[in-house]
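An overview of the molecular structure
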Amino acid sequence: MGNCISFTALQDWRLRQCFSGAGLKSTTTDLGDGTVMHCWVPKSHKPTKPTMLLIHGIGANAMWQFNDFISPLCSQFNVYVPDLVFFGNSYTTQPDRTEAFQAQCVMRAMETYGLQRMHVVGLSYGGFVAYSIAVQFPDAVDRLVIAAAGVCMEETDLDGGLFQVRSADEAIAILLPQKPEKLRELMQFTFYKPVKILPSCFLNDFIEVMCTEYLQERRELIHALHKDRKLSDLPKITQPTLILWGEHDQVFPLELGNRLKRHLGENAQLVVIKNAGHAINAEKPKEMLKHLKSYLVDPLPPQLDSNGRNSKAD
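Residues numbered from 1 in each chain as written. Predicted model: local features only at pLDDT ≥ 70, side-chain atom pairs only at ≥ 80, totals over all residues. Heavy atoms only, no water.

1. Some points on the packing of aromatic side chains
Here the structure, examined in full by the defined rule, presents eight aromatic pairs. Between the aromatic rings of F86 and Y214, the centroid separation amounts to 5.2 Å while the plane-to-plane angle is 55 degrees, which identifies the pairing as tilted. Taken together, the residues span a long stretch of sequence, with F86 in the loop between β4 (78-82) and β5 (91-92) and Y214 in the loop between α8 (200-210) and α9 (215-226) at a distance of 128 residues. Judged by relative accessible area, Y214 falls into the partly exposed class, the value being 23%. The rings of F128, F163 and F252 are connected pair by pair, giving a single aromatic cluster. (Phe/Tyr/Trp six-rings, centres within 6.5 Å; stacked < 30°, edge-to-face > 60°. Helix = DSSP H or I, 4+ residues; strand = E, 2+ residues; numbered from the N terminus. Buried < 20%, exposed > 50% of the residue type's maximum accessible area, 1.4 Å probe, protein only.)

Below, the structure is given as structure tokens:
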């Protein structure tokens with residue numbers, strides 16, 4: 001962009017102000033093994049509120065994906081919003097690229113804040129991480145929301161024609177765009193009604209600011225996501241689960257939402273958001289927020305702490 005103003009950087013700054021204005025503060029935690037986790041946390045944790053963990057997807061950092069939700073959610077929850085490893089200011093020197101490792105990093109960071117019980121919401125790639133948290137840390141998760149995340153996909157689905165792309169490399173070229181035409185293709189791929197006119201200068205600016213850092217590591221994250229994946233290997237979780245899906249999702253087709261509902265049975269409910277693609281957080285934020293709040297604001301069972309902390313520790 002040369003000496004031009006970066007509108008993406010300006011928007012990033014504005015989002016920081018929005019998060020701060022909603023009552024959150026930026027924190028960084030060194031986990032001690034070469035892993036550093038950045039997280040937005042409440043400036044003041046309110047014991048009277050339940051705790052919510054929001055986990056973002058591949059598209060950008062947490063601020064860009066959850067800004068429409070932060071202010072209304074912070075009024076009812078203690079909201080914690082981490083940047084996953086290799087996004088925002090989170091990174092690791094460890095070689096593990098699985099969602100299981102991401103889940104462990106998130107929960108180790110949450111432990112430093114004294115959290116031991118929470119609602120967990122995962123969007124797209126974040127849904128894979130959220131599901132893994134529910135599997136690995138069952139006592140920490142009260143209720144789970146999986147939004148547009150194909151955790152039930154199998155590696156054979158690529159060859160079987162379920163997806164519009166034919167290989168992981170083809171998906172990576174779209175999901176991690178390095179040229180304006182690829183970013184336009186990504187928007188066509190993720191939105192039911194994408195913006196039609198986008199100047200290349202704005203797209204180049206977004207790519208430069210958001211899509212170039214940790215590029216190889218993010219490619220490895222996507223490869224690890226589908227490699228040797230089988231539905232028969234996916235554990236069935238016991239936490240009550242809300243599954244949110246865009247009716248016209250082209251990244252993870254609705255069949256994967258139905259598949260997850262069948263996998264979890266009566267323990268889960270599936271809500272299909274009409275006239276929306278994969279990016280339900282951007283296309284239908286009000287509807288997505290409505291479903292989140294209606295599912296998560298009910299009183300917690302009496303044996304659980306409503307403040308998200310360990311009652312024995314108190």
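2. Overview of the pattern of salt bridges
Two side chains of opposite charge can pair, provided their charged atoms sit close to one another. Counted according to the given criterion, the structure contains nine salt bridges. Among the ionic pairs, R108 bridges to D33, the shortest N-O distance being 3.0 Å. Residue R108 is found in helix α3 (residues 99-112), and its partner D33 is found in the loop between β1 (24-30) and β2 (35-42); the two are separated by 75 residues along the sequence. Take R108: its relative accessible area is 29%, and that puts it in the partly exposed class. (Salt bridge = Lys/Arg side-chain N within 4 Å of Asp/Glu carboxyl O.)

3. Notes on the pairing of strand β9 (residues 268-273)
Of the strand pairs in this sheet, strand β8 (residues 241-246) and β9 are connected by six bridges, and their pairing is parallel. Of the residues in β9, the one forming a bridge with W245 is V272. Crossover connection from β8 via helix α10 (residues 254-264) to parallel β9: handedness right-handed. (Pairing = 2+ DSSP bridges. Right-handed = clockwise from strand over helix to strand, strands pointing away.)

4. Focus: the nonpolar core
By size, the foremost hydrophobic cluster in this structure holds 68 residues, and its most contacted members are L53, M110, Y131, I133 and L144. In contact with L53, other than residues within four places in its own chain, are Y80, P82, V106, M110, M118, H119, V120, V121 and I133. Counting 32 residues, the second largest nonpolar core, distinct from the first, contains L15, F66, L73 and M288. (Core = buried A, V, L, I, M, F, W, Y, C linked by side-chain atoms within 4.5 Å. Contact = heavy atoms within 4.5 Å.)

5. Concerning the UniProt feature "domain: AB hydrolase-1" (unreviewed entry) in the protein
Mapped onto this numbering, the UniProt entry gives "domain: AB hydrolase-1" (unreviewed entry) at residues 53-288. Annotated as 44% helix and 15% strand, the span residues 53-288 places its first and last C-alpha atoms 16 Å apart. (UniProt positions renumbered as here; feature names shortened; annotations may be inferred.)

6. Examining the confidence of the model for the protein
Averaged over every residue, the pLDDT of the protein is 91; the share at 70 or more is 93%. Here residues 299-314 is modelled with pLDDT under 50, and outside its nearest four sequence neighbours on either side it reaches 34 contacts, counting other chains as well. (pLDDT = per-residue confidence, 0-100.)

7. Here we look at the packing of α3 against helix α4 (residues 125-136)
A pair of packed helices is characterised by two quantities: the angle between their axes and the separation of those axes. Between α3 and α4, the least distance of the axes is 8 Å, while the angle of their chain directions is 70 degrees. It follows from the interaxial angle that α3 and α4 lie roughly perpendicular. Contacts between α3 and α4 pair E99, A100, Q102, A103, Q104, V106 and M107 from the former with Y125, F128, V129, S132, I133 and Q136 from the latter. Here the residues of the contact of α3 with α4 sort into eight nonpolar, four polar and one charged. (Axes fitted to C-alpha atoms, helices over the stretch in contact; angles between N-to-C directions. Parallel < 35°, antiparallel > 145°, perpendicular 65-115°, else oblique. Nonpolar A, V, L, I, M, F, W, Y, C, P; charged D, E, K, R; others polar.)

8. Let's talk about the pairing of strand β3 (residues 51-55)
Burial analysis of β3 places five of its five residues in the buried class, which makes it a mostly covered element. By the alternation rule, side chains of β3 split into T51, L53 and I55 and M52 and L54, which are all buried. With three bridges connecting them, β3 and β4 associate as parallel partners. Looking at the pairing, L53 lines up with Y80 of β4. The parallel pair β3 and β4 is bridged by helix α2 (residues 62-74), and the resulting crossover is right-handed. As paired elements, β3 and strand β6 (residues 118-123) share four bridges and run parallel to each other. Within β6, the residue paired with I55 across the bridge is G122.

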